[in-house]
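Structural description and commentary
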Amino acid sequence: MTGILLAGLVGAAPLVLSAAEDDSAADIVAAKGEVTQYRLSVAGHDETCTISAGNPTQDSHAVSMNGNCSSAVPALKKVRYWRKDGAGDLVLAADSGEVVAKFFAADGVAYESLKPMSPMMALTAEQ
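Please read these numbers as outputs of a predicted model, since none were measured by experiment.

**Structural notes on the state of the cysteines**
- Inspection of every chain in the model, using the stated rule, returns one disulfide.
- Covalent S-S linkage joins Cys49 and Cys69, the inter-sulfur distance amounting to 2.5 Å. Looking along the S-S bond of the Cys49-Cys69 disulfide, the torsion reads about -115 degrees, which is the left-handed sense. Separated by 20 residues along the polypeptide, Cys49 in strand β2 (residues 48-56) and Cys69 in the loop between β3 (61-67) and β4 (81-84) bring together distant segments of the chain. Accessibility classification places Cys49 together with Cys69 in one group, the buried group.

So, in structure tokens, the structure goes:
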């Protein structure tokens with residue numbers, strides 16, 4: 001009887017661990033949704049800058065950028081808004097709505113860039 005009980009507990013362990021991992025992943029995603037300030041770093045460049053959410057608009061947030069990341073990626077000068085798209089990616093857009101940069105959720109940092117492909121950019125949540 002003890003052997004059967006032990007086998008049942010050992011067999012259930014992966015299910016319990018898997019559920020715990022799913023819960024922690026959900027907590028990380030929920031925490032990312034509440035972040036209103038990120039540190040943007042560009043591969044191969046020492047400069048970083050801070051991107052902060054300003055006043056919300058209909059489906060996005062106005063953006064303020066502190067620092068000089070546009071020296072590494074000049075297109076970032078056009079960024080005025082950030083929004084999440086349907087896939088959960090973070091989009092930095094110009095006044096015209098043009099997508100200047102797009103980031104996906106990544107391990108180790110909050111987001112890594114999809115667009116532009118080069119140079120690679122990363123957003124790290126700041127509190």
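**Topic: the nonpolar core**
- The biggest cluster of nonpolar side chains holds 23 residues, and the ones touching the most others in it are Leu40, Leu76, Leu92 and Phe103.
- Where this core is concerned, the elements lending two or more residues are β1 (37-42), β2, β5 (90-93), β6 (99-105) and β8 (121-125).

Rules of the game
- Residues numbered from 1 in each chain as written.
- Predicted model: local features only at pLDDT ≥ 70, side-chain atom pairs only at ≥ 80, totals over all residues.
- Heavy atoms only, no water.
- Disulfide = S-S within 2.5 Å.
- Helix = DSSP H or I, 4+ residues; strand = E, 2+ residues; numbered from the N terminus.
- Buried < 20%, exposed > 50% of the residue type's maximum accessible area, 1.4 Å probe, protein only.
- Core = buried A, V, L, I, M, F, W, Y, C linked by side-chain atoms within 4.5 Å.

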